[in-house]
Amino acid sequence: MNESQQIAQYQKMTQTPVSLLIIKLGVPTILSMLITSIYNMADTYFVGQLGTSASGAIGIVFGLMAILQAFGFMFGHGAGSILSRKLGEKDTDSASRFASTGFFLSLLFGLLIGIFGLLFITPLMYLLGSTDTILPYAKQYATYILLAAPFMTGSCVLNNILRYEGRAAFAMIGLVSGGLLNIALDPLFIFVFHMGTAGAGAATAISQCVSFFLLLLMFLLRRTQSRLSLRLFSRRFSDIAKIVATGFPSLIRQGLGSISTMLLNGQAAVYGDAAVAAMSIVNRISMLIFSVGLGIGQGFQPVAAFNYGAGKFSRVRKGFWFTAAAGEVLLGTAAVFCFLFAAPLITLFRNDPAVISFGIPALWFQCVACLFQPFAVCTNMLFQSIGKSGLASLLSSLRNGIFFIPLILLLPALYGTLGVQITQAAADVLSFFVCVPLLLRYFKHLPKDTN
């Protein structure tokens, strides 16, 4: 990218009306998130045709993918947030150094997770909540996911660097292409090649590799301000520590998400494979709803980071309130639809009366909780984007950790199946009430613009 293009990008990020800029950056991200959720749901749908135990394997491997995403997002959000603020300060060299360091660290950690995961795959699946009947299906699926682990963690970093540069459309191309390929390969591998759940894993692994190389191509073609090079990888402990500290809220959020999935699967397994399958399906549907709000929130992140670095604090405030309001409208609309059509939606994935009866109340509770999610998620994204890693880490630990873990251990013991079905929604509501005072206090002390 030449100097005139860099100047134009700076002006775009600091002068375009905030609401319009967030929409421009958010729409490609929403499409990417929707396609990602849809191909996850495609796995759930096609594998669900193989039986209830096979369907339960999706929920087990979902926890493994959350672990990979935890490290991918830690390095991606860490490097991306710092990079965006450096670009706001017009320091392109430092931006490239942090981008390269985050990228190569993600490949290393993805490789290590893949190797150790394959060596200890059986105990890993049990740890993630597998039952004896689900285990064979989970191992088949997880093997391919672990083989593709470095590409999955690397894709997270490439995607986030592009987003934080304000190049969300480039990120969308890579993610959407991989997602559509996954949807096409699922039925081919599962039914035509008769690979069963292994076919779903292979389809996901191939699509993740394709996404990785398409995202990397944007850097190789010099479509970005930052550059990726092993020569630019920082050996300074302070740089690595800064990336980890900034991205740590993402590691907490995703890591606790994996732990919460394990605990949820374990508590649901008390009521049989149908309960595990039902919660897996409900979580996939919920993620589709949540992806809309998350997409618009991820459009806000580069706006917040870039303008914070540029000293334009009023744009950070305006961006937050616009994003939170838009998230309420989008998630609220989707939640109402899913609440009204809970039964046919669950039936679409698994026409099993036991799965349907367990899943309907769980989906209803999740839909209600959607009304509390946008504010909490946007608050977390704000603090992470502007470098307030301590506050962001605290907020990241609320939903899937501080609130969820005690609730999933307590509520099922008190209320049985209702406790399993309501725990996630209860954690969302409690997280909202913690976020409100922290955000209002921060905005009260936000400084005036310096530029």
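Each chain has its residues counted from 1, following the order in which its sequence is written. Local features in a predicted model are, by the rule used here, given only for residues with pLDDT of at least 70; side-chain atom pairs are given and counted only at 80 or more, and totals for whole chains, interfaces and linings are based on all residues. Each side-chain value is worked out from all heavy atoms of the structure, with water and hydrogens disregarded.

**A word on the overall build of the chain**
Turning to step 1, where the next piece is worked out: Here a strand is any run of E in DSSP of at least two residues, a helix any run of H or I of at least four, and the numbering for each starts at the N terminus. The secondary structure content of the chain amounts to 17 helices and 0 strands.
Turning to step 2, where the next piece is worked out: Restricting to contacts in the chain with at least 6 residues of sequence separation, those with at least 24 account for 84%.
Turning to step 3, where the next piece is worked out: When the accessible surface of the chain is totalled, it reaches about 16800 Å², and 70% of it is carbon and sulfur.
Turning to step 4, where the next piece is worked out: Where the 28 positive side-chain charges of the chain centre and where its 14 negative ones centre are 11 Å apart. The contact criterion used throughout is that any non-hydrogen atoms of two residues lie within 4.5 Å. Note on areas: Shrake-Rupley, 1.4 Å probe, and residue coverage restricted to the protein chains presented here. The charged-residue count follows a simple rule in which Lys and Arg add positive charge and Asp and Glu add negative charge, with His and chain termini not counted at all. One atom stands in for each charge, and that atom is NZ of Lys, CZ of Arg, CG of Asp or CD of Glu.

**Some points on the packing of helix H15 (residues 373–385) against helix H16 (residues 389–415)**
Turning to step 1, where the next piece is worked out: Helix axes are fitted to C-alpha atoms over the stretch in contact, other axes to C-alpha atoms as well, and angles between N-to-C directions run from 0 to 180 degrees. At a closest axis distance of 7 Å, the pairing of H15 and H16 adopts a crossing angle of 150°. Here H15 lies roughly antiparallel to H16, going by the angle between them. The chirality of how H15 crosses H16 is left-handed. Here Thr379, Asn380, Phe383 and Gln384 of H15 come into contact with H16, specifically with Ser389, Leu391, Ala392, Leu395 and Ser396. Should an angle fall under 35 degrees it is called roughly parallel, over 145 degrees roughly antiparallel, and 65 to 115 degrees roughly perpendicular, with every other angle called oblique. By definition, turning the near helix anticlockwise from the far helix through less than a right angle yields a left-handed crossing, and turning it clockwise yields a right-handed one.

**Structural notes on the nonpolar core**
Turning to step 1, where the next piece is worked out: Formed by 129 residues in total, the largest nonpolar core has its most connected members in Leu64, Met125, Ile145, Ile285, Phe320, Ile346 and Leu382.
Turning to step 2, where the next piece is worked out: In contact with leucine 382, not counting residues within four places along its chain, are Phe300, Ala304, Val316, Phe320, Leu439, Tyr442 and Phe443. Only buried residues count toward a nonpolar core, which is a set of Ala, Val, Leu, Ile, Met, Phe, Trp, Tyr and Cys residues joined through side-chain atoms within 4.5 Å. Exposure classes here rest on a 1.4 Å probe applied to the protein chains alone. A residue is buried below 20% of its type maximum, exposed above 50%, and partly exposed in between.

**Points about the layout of surface pockets**
Turning to step 1, where the next piece is worked out: In this structure, the largest pocket spans a volume of roughly 170 Å³.
Turning to step 2, where the next piece is worked out: When residues of the lining of the largest pocket are assigned to their parent elements, the largest contribution, 5 residues, is made by helix H1 (residues 3–15). Computed over the protein atoms alone on a 1 Å grid, cavities are sets of points where a 1.4 Å probe fits but cannot get out and pockets are open sets with protein on both sides within 12 Å along at least five of seven lines; a residue lines them when it has an atom within 4 Å of a point. Grid points are joined across faces, edges and corners, and a volume is the space filled by probe spheres set on the points.

**Quick look at the side chain of serine 207**
Turning to step 1, where the next piece is worked out: Within the secondary structure, serine 207 is located in helix H9 (residues 197–220).
Turning to step 2, where the next piece is worked out: A polar contact is formed between the side chain of serine 207 and the backbone oxygen of threonine 204, at a distance of 2.8 Å.
Turning to step 3, where the next piece is worked out: Excluding its chain neighbours within four sequence positions, the residues that come into contact with serine 207 are Gly178, Leu181 and Asn182. By the criterion applied in these results, polar contacts are pairs of N or O atoms within 3.5 Å in which, for protein atoms, one can donate a hydrogen and the other can accept it, and in which residues neighboring in sequence qualify only through two side-chain atoms.

**Some thoughts on H16**
Turning to step 1, where the next piece is worked out: Take the number of residues in a helix, subtract one, and multiply by 1.5 Å to get its expected span. Its 27 residues give H16 an end-to-end C-alpha distance of 37 Å, which sits within 8% of 39 Å, the value for a rise of 1.5 Å per residue.
Turning to step 2, where the next piece is worked out: When the local axis directions of H16 are compared, the greatest deviation, roughly 70°, occurs at leucine 398.
Turning to step 3, where the next piece is worked out: Just beyond H16, the residue with positive phi is glycine 416, at close to 70°. A residue's bend is the angle separating two fitted axes: one through the seven residues that end there, the other through the seven that start there.

**A look at the side chain of arginine 97**
Turning to step 1, where the next piece is worked out: Position of arginine 97 among the secondary structure elements: in helix H4 (residues 92–119).
Turning to step 2, where the next piece is worked out: Polar contacts involving the side chain of arginine 97 include one to the side chain of aspartate 239, which spans 2.7 Å.
Turning to step 3, where the next piece is worked out: Aside from chain neighbours lying at most four places away, what touches arginine 97 is Leu232, Ser234, Arg236 and Asp239.

**With respect to the packing of aromatic side chains**
Turning to step 1, where the next piece is worked out: A pair of Phe, Tyr and Trp rings is counted when the ring centres sit within 6.5 Å of each other, with Trp represented by its six-membered ring. The angle between the planes then sorts it: under 30 degrees is stacked, over 60 is edge-to-face, the rest tilted. In total, this model carries 26 aromatic pairs according to the counting rule given.
Turning to step 2, where the next piece is worked out: Judged by centre distance (5.1 Å) and plane angle (85°), the ring pair of phenylalanine 212 and phenylalanine 213 falls under edge-to-face.
Turning to step 3, where the next piece is worked out: The exposure class assigned to phenylalanine 213 is partly exposed, which follows from its relative accessible area of 48%.
Turning to step 4, where the next piece is worked out: The interplanar angle of 40° and the centroid separation of 6.3 Å between the aromatic rings of tyrosine 271 and phenylalanine 358 together place this pair among those described as tilted. Pair noted here: tyrosine 271 is in the loop between helix H10 (237–269) and helix H11 (273–309) and phenylalanine 358 is in helix H14 (residues 353–369), with a separation of 87 residues, a long-range link.
Turning to step 5, where the next piece is worked out: Given a relative accessible area of 36%, tyrosine 271 falls into the partly exposed group.
Turning to step 6, where the next piece is worked out: Taken together, the ring pairs in this structure connect Phe300, Phe320, Trp321, Phe372, Phe375, Phe383, Phe432, Phe433, Tyr442 and Phe443 into an aromatic cluster.
Turning to step 7, where the next piece is worked out: A cation sits over an aromatic face here: lysine 90 above tyrosine 10, 4.6 Å from the ring centre.
Turning to step 8, where the next piece is worked out: The ring of tyrosine 164 has arginine 163 sitting right over it, with the charged end atom 5.4 Å from the ring centre. For a lysine, the NZ atom is tested; for an arginine, the CZ atom; a charge sits over a ring if that atom is within 6 Å of the ring centre and within 35 degrees of the ring normal.

**Observations regarding the pattern of salt bridges**
Turning to step 1, where the next piece is worked out: Salt bridges are defined by distance alone: a side-chain nitrogen of Lys or Arg within 4 Å of a carboxyl oxygen of Asp or Glu. The final tally for this structure, using the stated rule, is 4 salt bridges.
Turning to step 2, where the next piece is worked out: The closest approach of N and O atoms between arginine 236 and aspartate 239, which form a salt bridge, is 3.6 Å.
Turning to step 3, where the next piece is worked out: The exposure class assigned to arginine 236 is partly exposed, which follows from its relative accessible area of 46%.
Turning to step 4, where the next piece is worked out: Classification of aspartate 239 by relative accessible area gives buried; the value is 6%.

**Brief notes about unusual backbone geometry**
Turning to step 1, where the next piece is worked out: Of note, lysine 90 is a non-glycine position whose phi angle comes to about 65°, a positive value.
Turning to step 2, where the next piece is worked out: By the element assignment, lysine 90 lies in the loop between helix H3 (52–88) and H4.
Turning to step 3, where the next piece is worked out: On the basis of relative accessible area, lysine 90 is assigned to the exposed category, the value being 61%.
Turning to step 4, where the next piece is worked out: A positive phi angle, close to 60°, is found at arginine 222, a residue other than glycine.
Turning to step 5, where the next piece is worked out: As for its position among the elements, arginine 222 is in the loop between H9 and H10.
Turning to step 6, where the next piece is worked out: By relative accessible area, arginine 222 is classed as exposed at 53%.

**Here's the deal with H11**
Turning to step 1, where the next piece is worked out: With 37 residues, H11 extends 50 Å from end C-alpha to end C-alpha; this agrees with the ideal 54 Å at 1.5 Å per step.
Turning to step 2, where the next piece is worked out: If you look at H11, its biggest bend is around 30°, right at phenylalanine 290.
Turning to step 3, where the next piece is worked out: A large share of H11 lies buried, amounting to 33 of its 37 residues.
Turning to step 4, where the next piece is worked out: Of the residues one or two after H11, glycine 311 is the one with positive phi, at around 80°.

**Here's the deal with the environment of alanine 202**
Turning to step 1, where the next piece is worked out: By the secondary structure assignment, alanine 202 is in helix H9.
Turning to step 2, where the next piece is worked out: Here the alpha-carbon distance between alanine 202 and aspartate 186, two residues 16 residues apart in the chain, equals 8.4 Å.

**Looking at a nonpolar patch on the surface**
Turning to step 1, where the next piece is worked out: Together, Leu108, Leu111, Leu112, Ile115, Phe116, Leu119 and Phe120 make up an exposed nonpolar region whose accessible area comes to about 680 Å².
Turning to step 2, where the next piece is worked out: Structurally, leucine 119 is set in helix H4.
Turning to step 3, where the next piece is worked out: A relative accessible area of 58% places leucine 119 in the exposed class. Candidate patch residues must exceed 30% relative accessible area and have no salt bridge, after which like charges are joined if within 9 Å and Val, Leu, Ile, Met, Phe, Trp or Tyr side chains if within 5 Å.

**Remarks on the packing of H3 against H11**
Turning to step 1, where the next piece is worked out: Remark: H3 packs on H11, axes separated minimally by 11 Å, with the N-to-C direction vectors making an angle of 5°. By the criterion of interaxial angle, the relationship of H3 to H11 is roughly parallel.
Turning to step 2, where the next piece is worked out: Each residue belonging to the contact of H3 with H11 can be placed in one class, and the counts come to 12 nonpolar, 12 polar and 3 charged. Put simply, Ala, Val, Leu, Ile, Met, Phe, Trp, Tyr, Cys and Pro go in the nonpolar bin, Asp, Glu, Lys and Arg in the charged bin, and everything else, Gly too, in the polar bin.

Bear in mind that shape data such as this cannot, by itself, settle questions of function.
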